[in-house]
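# Reading the structure
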Amino acid sequence: MRYFVLEESGDAMDRLYLGPICLNHKERKAMVRGEPTFIPDEPLRVPIRYWAGERLPDYLDGKFCIVSEFMKDILDKFAKGKIHYRGITVYDDQNEYSYYIIFPPRFDCLDLKRSIFLKSSLYPEEIHVTAGFYIRRDLTEEVDLLRVQGLSNRLLVLSERLKQVLEANGVQDIRYTQTDIYKNFKIDIAPKSRIGKEML
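Let us look at the structure shown here. (Residues numbered from 1 in each chain as written. Predicted model: local features only at pLDDT ≥ 70, side-chain atom pairs only at ≥ 80, totals over all residues. Heavy atoms only, no water.)

## Re the overall build of the chain
The secondary structure content of the chain amounts to three helices and 13 strands. In the chain, which comprises 200 residues, the share counted as buried stands at 48%. Of all intrachain contacts in the chain linking residues separated by at least 6 positions in sequence, the fraction that spans at least 24 positions is 73%. Roughly 11,500 Å² of accessible area belongs to the chain as shown, and the carbon and sulfur atoms make up 48% of that amount. (Helix = DSSP H or I, 4+ residues; strand = E, 2+ residues; numbered from the N terminus. Buried < 20%, exposed > 50% of the residue type's maximum accessible area, 1.4 Å probe, protein only. Contact = heavy atoms within 4.5 Å. Areas by Shrake-Rupley, 256 points an atom, 1.4 Å probe, with all protein chains shown as cover.)

Here it is, written out as structure tokens:
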């Protein structure tokens, strides 16, 4: 089974830019750890800073990963594994719309022997992927959407099965990048060195 990184499409015609999303430390920590007891039921109100296009996008990945109500319904119906959400209401002077900050489970499933990366100088527990990364399938068979320990909390990975479900149901504004060609850090790598693990 192949895995893909889920990202907001930079080519989408419909763009939504939000104002500040203010979460207290306790709530932010709870969502990162997947502890729903500390996540309030009351939606957080977030102003719309700018909206371009004819429709609201289904996915945003700025400071937080955010899904539309439509995309949430698809995930709740088809995705394997537990996903936590924090409801938000985005609004302008005339209308309000329901969105959700999404926090899928986090797994220590990175195959470091096959992935090519640099260690982060700012965040010791994170790495920068320079030429693709790989997921240990034996640890993620029961989930379709996840976060990966060692990578950013804003980086979501999904199974090929869920990718096909989202596409078949008309979820838009998403770019899918196969994990083995994904990179979030640019570096010139000589061809012979691509067999390595950590780039020194």
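## Quick word on the packing of helix α2 (residues 69-78) against helix α3 (residues 160-168)
Where α2 meets α3, the closest approach of the two axes is 11 Å, and the angle between their N-to-C directions is 135°. Judged by the inter-axis angle, α2 sits oblique to α3. For the crossing formed where α2 meets α3, the hand is right-handed. Mapping the contact onto sequence places Met 71, Ile 74, Leu 75 and Phe 78 in α2 and Arg 161, Leu 162, Val 165 and Leu 166 in α3. The residue makeup of the contact of α2 with α3, split by class, is seven nonpolar, no polar and one charged. (Axes fitted to C-alpha atoms, helices over the stretch in contact; angles between N-to-C directions. Parallel < 35°, antiparallel > 145°, perpendicular 65-115°, else oblique. Left-handed = near helix turned anticlockwise from the far one by under 90°. Nonpolar A, V, L, I, M, F, W, Y, C, P; charged D, E, K, R; others polar.)

## Comments concerning the nonpolar core
Leu 6, Met 71, Leu 75, Ile 102, Leu 145 and Leu 166 are the most contacted members of the largest nonpolar core, which has 22 residues in total. Breaking this core down by element, the ones donating at least two residues are β1 (3-8), β5 (65-68), α2, β7 (96-103), β12 (156-159), α3 and β13 (174-178). In this structure Leu 75 touches Ile 83, Tyr 85, Ile 102, Leu 145, Leu 162 and Leu 166, once residues within four positions along its chain are discounted. Counting residues in each nonpolar core, the second largest holds 16 residues, with Leu 16, Leu 56, Phe 64 and Ile 88 among its members. (Core = buried A, V, L, I, M, F, W, Y, C linked by side-chain atoms within 4.5 Å.)

## Comments concerning the pairing of β5
Going residue by residue along β5, you find Cys 65 and Val 67 tucked away on one face and Ile 66 and Ser 68 tucked away on the opposite face as well. As paired elements, strand β4 (residues 59-61) and β5 share three bridges and run antiparallel to each other. The residue of β5 that forms the bridge with Tyr 59 is Val 67. The hairpin formed by β4 and β5 contains three residues between the paired strands. When β5 meets β7, the two strands line up antiparallel, connected through three bridges. (Pairing = 2+ DSSP bridges.)

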